[in-house]
Amino acid sequence: MKICVLGVGYVGLTTAALFSDLGNVVHCIDINEERIANLKKGIMPIYEPGLKEIVERNIAENRLLFSTDTASAVKETEIIFICVGTPPQASGETDLSQVQSAAISIAKALNGYKIVVNKSTVPVGTGDFVRRTIEENRLENHNFDVVSNPEFLREGSAVQDSFEPDRIVIGAPNKQVALKLLELYATLERPMHITDLYSAEIIKYASNAFLATKISFINAISHLCEEVGADVTVVAKGMGADSRIGRAFLNAGIGYGGSCFPKDVESLIHTSGTYGYDFKMLKEVISVNKGMVPHMIGRIEELIGDVKGKTIGVLGLAFKPNTDDIREAKAIDMIQILMERGATVKAFDPQAMEHTKAIVPDVTYTQNAYEVAENADALVLATEWREFKLLDMERIRNSMNQPVLLDGRNFYNPEEKTRMGFTYYGLGRGIFRPNS
Ligand code: UGA
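We now turn to the structure provided with this report. Computed from a predicted structure; not experimentally measured.

1. Focus on the pairing of strand β7 (residues 168–171)
The side-chain alternation of β7 yields two buried faces, one formed by I168 and I170 and the other by V169 and G171. Pairing of β7 with strand β8 (residues 192–195), which is carried by four bridges, proceeds in the parallel orientation. Residue I170 lies in a different strand from β8, and its bridge partner there is I194. Between the parallel elements β7 and β8, the chain passes through helix α8 (residues 175–185) in a crossover that is right-handed.

2. Some remarks on the packing of helix α9 (residues 197–228) against helix α12 (residues 280–304)
In contact at an axis separation of 9 Å, α9 and α12 are set at 45° when each is read in the N-to-C sense. Of the possible angle classes, the one that applies to α9 and α12 is oblique. Between α9 and α12 the crossing geometry is left-handed. Residues A209, A212, T213, S216, N219, A220, S222, H223, E226 and E227 of α9 lie in contact with α12, whose contacting residues are M281, L282, V285, V288, N289, M292, H295 and R299. A breakdown of the residues in the contact of α9 with α12 according to their chemical character gives eight nonpolar, seven polar and three charged.

3. Describing α12
In a regular helix each residue adds 1.5 Å, so 25 residues correspond to 36 Å; α12 covers 37 Å between its end C-alpha atoms and thus fits that length. The sharpest bend along α12 measures roughly 30° and falls at M292, with the proline P294 sitting one to four residues further on. After α12 finishes, the residue G305 shows a positive phi value of roughly 80°.

Parameters and conventions
- Residues numbered from 1 in each chain as written.
- Predicted model: local features only at pLDDT ≥ 70, side-chain atom pairs only at ≥ 80, totals over all residues.
- Heavy atoms only, no water.
- Buried < 20%, exposed > 50% of the residue type's maximum accessible area, 1.4 Å probe, protein only.
- Helix = DSSP H or I, 4+ residues; strand = E, 2+ residues; numbered from the N terminus.
- Pairing = 2+ DSSP bridges.
- Right-handed = clockwise from strand over helix to strand, strands pointing away.
- Axes fitted to C-alpha atoms, helices over the stretch in contact; angles between N-to-C directions.
- Parallel < 35°, antiparallel > 145°, perpendicular 65-115°, else oblique.
- Left-handed = near helix turned anticlockwise from the far one by under 90°.
- Contact = heavy atoms within 4.5 Å.
- Nonpolar A, V, L, I, M, F, W, Y, C, P; charged D, E, K, R; others polar.
- Expected span 1.5 Å × (residues − 1).
- Bend = angle between axes of the 7 residues up to and from the residue.

Structure, rendered in structure tokens:
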């Protein structure tokens, strides 16, 4: 099949890589000329394990074409995926201007029947908005259908999530259109859910909001655990063993970040509000999430006193491991507060330091994790990169001003670290003193 993908960010590029690898010809369009020029040379705009190889392979096979010319690509293809950005506005409402521009471009280029598939994360009702926009702007009276096919990939495992999704949701206006999309995904042999347009749109937001709720729930439980001397990781394991609950997304930590959960929860609250439902539960999910970094700062101060004039080392900056994305990264919120309070901050991240420098330039960025720890009064793990598990912790302990380790992701074993002479704090696990 011939496919057009509008917008080559995380979702667009991964979608294009998937469909081209399945043997389709995919025209990838973006208004960012530099991004397109780079992609033609195989330079990725994002870091995503495995993606570069697939993109290079399909460029070489002439199945993956990059251009800024939307009109030609729309005319050439029958199925058009809208994968543009849907950033939040201050009110929490989703900014649909890029979706609108994409719909207008499609309308102006309509030269026959098209299936317009919305893959961007958008509030319920956006399918209708895309339909109206195309109807109002089309120059020739060709038919088209609008489908919602939300994307559930996670950054850091985008390729795997796209090739092996838990489910594929297709919100289609009729059976014929649904079948066309089914055909496109058939070779993946994954469960397909054919729904109406509105339900598909809500499935995406409800899924993300539910996962965020799971995280805030376990983070709320982590406060109680600390107070009574329980261990939240043990609690999560016990809860997760119930198949109705499941262990996933029950890791307590300094909170969820990224380009999805924070904005999608806000957007769902906003959309619900416009339909007359005050989604108070999700407001509390946000509030718990926002409280996690201040809670961690409180524990740092409890262990080393006033941070003014002290040196704090931060391991990990990205909002989660295996990505260079720092959008809504909790490490950055934490660094900003520490610096406001007069601390000197050193940091290391395997992928995200370049992006972070633009936001917090006054941090000392080091070459590796060991330099972060040198002369530090406390070392805080903010992002659980696997390589941080393999560090020589004895070397780290010996180089620190005082061996204080705060674990923002419950990544380390408290007993092991205290045995090594660290004072260790884990969120929802409490403070452990070194064995004397
Ligand atoms: C999330 C969803 O997981 C995807 O299914 C969805 O497609 C995507 O949003 C999207 O809407 O585009 P993503 O934001 O890439 O994916 O990252 P996640 O792996 O979900 O992690 C989000 C945040 O939650 C991270 O900051 C992570 O550290 C935090 N988290 C996750 C926890 O604090 N505890 C957990 O148990 C799990």
